[in-house]
Structure formats: C-alpha cells, structure tokens
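An overview of the molecular structure
Take a look at the letters that make up each chain.
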Amino acid sequence: MLGWFKKKFSKNDEAATLKEKEKGIVSDTVLSSPECLPSVTEPKKSDSATEGVKKEEASGLGTMFQRLSTRLSKTKESLVHRMDTLFLGRKEIDADLFDELEEILITADLGINTTMELLDDARRNVKRNALSDPQELKIVLKEKLRSFLMESDQPAELVRPESGPFVIMVVGVNGVGKTTTIGKITKKFKQAGQSVLLVAADTFRAAAVAQLKIWGERNDVTVVHQQEGADPSAVAFDAIDLAVAKEYDVVIVDTAGRLHTQVNLMEELKKIKRVMGKRLEGAPHEILLVLDATTGQNAVSQAKLFNDAVGITGLALTKLDGTAKGGIVACICRELSIPIRFIGIGEQIDDLRDFNPDDFINALFGDETHNH
Ligand SMILES: Nc1nc2c(ncn2[C@@H]2O[C@H](COP(=O)(O)OP(=O)(O)OP(=O)(O)O)[C@@H](O)[C@H]2O)c(=O)[nH]1
C-alpha cells in the first residue's frame, strides 16, 4: 500500500499552515536570470471542485467503498455482470464455459497473457478440487485476480529525504490526466499538512501552464512557471532552488506529453531528471507515470516506453470511471513490476484513491463484507 500521506508525511495541519504563512509571498531573489524569470502564481480559493462528490454523498452514495464501486460500474458490467449472466443456469463447468469466459476477459482488457494465465490456473483448480459448480469457478477467478493485483502492491519505499523537499516528476502522454492527477495529489499532501510547490515544466503549450495554475488556485498552492518555449530543465532547476530555499516539503513537476517527436520528448524528460538530480541529490524521488485506463492495452505499451527512457517508480491509472476496460489493472500488475500508486475515478479533486487491491477487487465483485 502506498501510505505517502498517512505514514511518511503525516504532520500537524496547523503547524503546516503556519509554515506556509511564514513563507509569505515568494521573493524574486532566487531567480537566475532576468530574461528567464520564473513567475509564481499565488492562488485564489475555489471549492467548486468538491461539489460533485458532495452531490453524490447527498444522494446516498456516500461511503468511500460505495463510491468506488459506483465509479467502477462500467467494468463491473463488462466483467462481473457478464460472468454472472454466463454462470446463471449453468449446471457444469465445461469447455464452452471457458471459451465464453475467455471472450469476456479479453473484452474487459485483461490482455491475452493475463487472460490465459488466469484461465489455465482456473482449469487446474477445477481439476484439482473437482469443482463442478460455476459459482465456485467465479470465486477461483476472483481470488486469482486478487493475487495478480497483490503482486505489484509493493511497499512504496518513499522515505522523506534527510533534507530538502520530496520531488515528484510526473510524466505521461497528452491528455491522460497528468495535470488533473497532480491537482488531486496536491490536495492529499495539503491534507496531510505538507507544503507543496507545483512546477510547470511543460513549456511547450501555454494552455498546460494555465491549467496547472487553475489546480494551484484550487489547492491554494504556489505554481512556478516561465514563458512559453523556456527550457523545461531550467524551470525545474530553478523551482528546486526555490523549494530548498523556502523549505517546501513537496515539489511536483508537470512535464510535457507531446513534443515534435517521441525521441525529443524522451530526451527532454531524461534531461529534466538529470538536471534536478544535479541540483538536489536523489531528486526526483518519484517518477510517476500517468496512464489513461480507457486506452486499454495501449497503456501497457506506454509504460514500457517511458520506463525504458526514464525509469518509472510508480503509476497512476486515470479514468477508471469512464471505461469498461478496467481489466487493464490486472494486466498492468501482472506485466509490469511497477506499483500502481493511485487510481483516478472521476474528474473532481477528491476522485483519486490510493490503490488498494482488496478494495478494488471487492468493489468490482460487489463484496462489501470483506471491507473495512
Ligand atoms: N472521468 C475522468 N476524467 C479524468 C480523470 N482524470 C483526468 N480526467 C480528465 O481527462 C482530461 C485530460 O486531463 P488533463 O489533466 O488535462 O491531462 P494532461 O495529461 O495533463 O493533458 P495535457 O495537459 O494535454 O498534456 C480532463 O478533461 C480531465 O478532467 C479521471 O480519473 N476520470
């Protein structure tokens, strides 16, 4: 389990607020050169982002578990409800049943390899235990899926550096939800009493900076940015300077998702990583890849690509609320040895969960009894 916010970063809210106040307005003294001035945007507050969740709570879908379950309904439909329909009225487990199961699992985007392993394991289990009731088969499949998810549920190993801020570099292709995820993570850190500095290292598109500023305002945190076309590594370097000088707890760096070519993009990300490491030993402490669950198997290819280039330490899987392809979670856990830190289950600020295999499986299979 992740536990960034509970274990490593938990701090008294009041003390953190005081620290933020002491920092005051960020001064220009740390700026490196006048023609390349990083700007800092101090936020205005907005609470509209939590309205969706409040409405949901008011409508009786209140608990965290119920909300997760509701948001996963498309995958539930494509995977679990289809399985239920298949098993309904069947008296025995035969080859036909396995064929139909295979189609269901592949449609829910578990991928060929994961599907085959799951079914092979189920066949062995049926034989070994002489299972005949399709309902027993459902339990076998559910537990094997859970074991896939548990495999990648490694400890986060995110220990605060001895000194200086904890630096997270966020990467991923355009539109996967990087900026939104940064906004949601920022809220979690703030709630844990941490001061956060956001860094707009996507200087390729002015809109990207504007969007990060909006999330900065929502969270009442400072955003460092420079003019369009500035060197992203320089932005990141200066931001770390600022964070060290002002004793920020956490720095979150937003990067570009698209450049002229893929090679350019990967080279730029490598440079940002290298430059930050030069300024602060050990930084970035986390390279978080954001993946869009609605892209299914494509997400796995993206993960391999980014991992080869910069070495990914954690994943955030977004838009699980909008897809029937949630089986991709099992595929990712089985095929990549990179832990899923977060899942995104909506567009609002509170729609990000620490990834918990048990919660995920229980929400999908509609089993509340195992929960909390
Ligand atoms: N339904 C849903 N939508 C999401 C989720 N996360 C992000 N989005 C939406 O996805 C869209 C793209 O999100 P961004 O945060 O702009 O993505 P990005 O990767 O920063 O994109 P660029 O800035 O274009 O590189 C927005 O409309 C978000 O509201 C999620 O978990 N669920």
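The protein chain has the name Signal recognition particle receptor FtsY in an unreviewed UniProt entry, where Desulfocapsa sulfexigens is given as its organism. Listed in UniProt under the heading Catalytic activity (unreviewed entry), the comment for the protein chain reads: "GTP + H2O = GDP + phosphate + H(+)".

1. Quick notes on the overall build of the protein chain
Helix and strand counts for the protein chain come out as 15 helices and nine strands. Within the protein chain, the fraction of its 372 residues that count as buried is 54%. If you take every contact in the protein chain between residues at least 6 apart in sequence, the share linking residues at least 24 apart comes to 78%. With an accessible surface of roughly 16,200 Å², the protein chain has 50% of that area assigned to carbon and sulfur atoms.

2. As for the environment of D94
Considering the arrangement of structural elements, one finds D94 in the loop between α5 (73-87) and α6 (95-107). In the structure, D94 is positioned 40 residues away from P134 in sequence and 9.3 Å away in space, judged by C-alpha atoms. Here L97 takes part through its backbone nitrogen, which lies 3.0 Å from a polar atom of the side chain of D94.

3. A short note on the pattern of salt bridges
One pass over the structure, following the stated rule, counts 19 salt bridges. Note that D120 and R123 form a salt bridge whose closest N and O atoms lie 3.1 Å from each other. One end of the pair is D120 and the other is R123, both in helix α7 (residues 112-128) and three residues apart, which spans about a single turn. Its salt-bridge partner being E267, residue K270 comes within 3.2 Å of it at the nearest N-O pair. Of this pair, K270 and E267 both sit in helix α12 (residues 262-279), three residues apart, which is roughly one turn of that helix. By relative accessible area, which is 30% here, K270 ends up partly exposed. The network of salt bridges with shared partners includes E117, K304, R334 and E335.

4. Here we look at the site of the ligand
Every one of the 18 residues lining the ligand counts as a neighbour, but T179, T180, Q211, D321 and E347 are closest to it. Here an oxygen atom of the ligand sits 2.9 Å away from a polar atom, N or O, in the main chain of G175. Here D321 contributes a side-chain N or O atom positioned 2.7 Å from a nitrogen atom of the ligand. With the chains in place, 82% of the 650 Å² that the ligand exposes on its own is no longer accessible. Here the shell around the ligand takes four residues from helix α9 (residues 178-191), the largest share from any one element. Each residue belonging to the shell around the ligand can be placed in one class, and the counts come to three nonpolar, nine polar and six charged.

5. Things to note about the packing of aromatic side chains
Counted by the stated rule, this structure contains one aromatic pair. Across the ring face of F98, the terminal group of R123 is positioned such that the distance to the ring centre comes to 4.7 Å. Here the basic side chain of R218 rests over the ring of W215, its NZ or CZ set 4.3 Å away from the ring centre.

6. What about α7?
Look at α7: 24 Å from first C-alpha to last across 17 residues, which is about the 24 Å you get at 1.5 Å a residue. Within the span of α7, buried status applies to T114, T115, L118, L119, D121, A122, N125 and V126. Buried residues of α7 fall within an arc of 160° about the axis and therefore sit on the same side. What points out from α7, more than 90 degrees from its buried face, is the exposed set I112, K127 and R128. Each element contacted by the buried residues of α7 is listed here: α6, α8 (134-151) and α14 (328-335). Positive phi shows up at A130, right after α7, with a value of about 50°.

7. Side note on the pairing of strand β5 (residues 250-255)
Most of β5 sits inside the fold, with six of its six residues counted as buried. Here β5 shows no split at all, with V250, I252 and D254 on one side and V251, V253 and T255 on the other all buried. Sheet topology note: the strand β2 (residues 166-171)/β5 ladder contains five bridges and is parallel. When the bridges of β5 are listed, I168 appears paired with I252. Note that strand β3 (residues 196-201) and β5 share six bridges and pair parallel. Residue pairing in the sheet places L198 in a bridge with I252 of β5.

8. Description of α9
Every α-helical turn comprises 3.6 residues, leaving residues that sit three or four positions apart pointing alike. For α9, spanning 14 residues, the distance from its first C-alpha to its last is 20 Å, which sits close to the expected 20 Å at 1.5 Å a residue. Here α9 lies mainly inside the structure; 11 of its 14 residues are buried. Of the residues making up α9, those classed as buried are K178, T179, T181, I182, G183, K184, I185, T186, K187, K188 and F189.

9. Remarks on the packing of α9 against helix α10 (residues 206-219)
Where α9 meets α10, the closest approach of the two axes is 9 Å, and the angle between their N-to-C directions is 20°. By the angle class used here, α9 and α10 are roughly parallel. Like other packed secondary-structure pairs, α9 and α10 cross with a definite hand, here right-handed. Residue-level contacts link T179, T180, I182, G183, T186, K187 and K190 of α9 to Q211, L212, W215 and N219 of α10. Class assignment for the residues of the contact of α9 with α10 results in three nonpolar, six polar and two charged.

Reading the values: the criteria
Residues numbered from 1 in each chain as written. Predicted model: local features only at pLDDT ≥ 70, side-chain atom pairs only at ≥ 80, totals over all residues. Heavy atoms only, no water. UniProt positions renumbered as here; feature names shortened; annotations may be inferred. Helix = DSSP H or I, 4+ residues; strand = E, 2+ residues; numbered from the N terminus. Buried < 20%, exposed > 50% of the residue type's maximum accessible area, 1.4 Å probe, protein only. Contact = heavy atoms within 4.5 Å. Areas by Shrake-Rupley, 256 points an atom, 1.4 Å probe, with all protein chains shown as cover. Polar contact = N/O pair within 3.5 Å; in protein donor to acceptor, adjacent residues only side chain to side chain. Salt bridge = Lys/Arg side-chain N within 4 Å of Asp/Glu carboxyl O. Near = heavy atom within 4 Å. Nonpolar A, V, L, I, M, F, W, Y, C, P; charged D, E, K, R; others polar. Phe/Tyr/Trp six-rings, centres within 6.5 Å; stacked < 30°, edge-to-face > 60°. Lys NZ or Arg CZ within 6 Å of the ring centre and 35° of its normal. Expected span 1.5 Å × (residues − 1). Arc of directions from axis to C-beta. Pairing = 2+ DSSP bridges. Axes fitted to C-alpha atoms, helices over the stretch in contact; angles between N-to-C directions. Parallel < 35°, antiparallel > 145°, perpendicular 65-115°, else oblique. Left-handed = near helix turned anticlockwise from the far one by under 90°.

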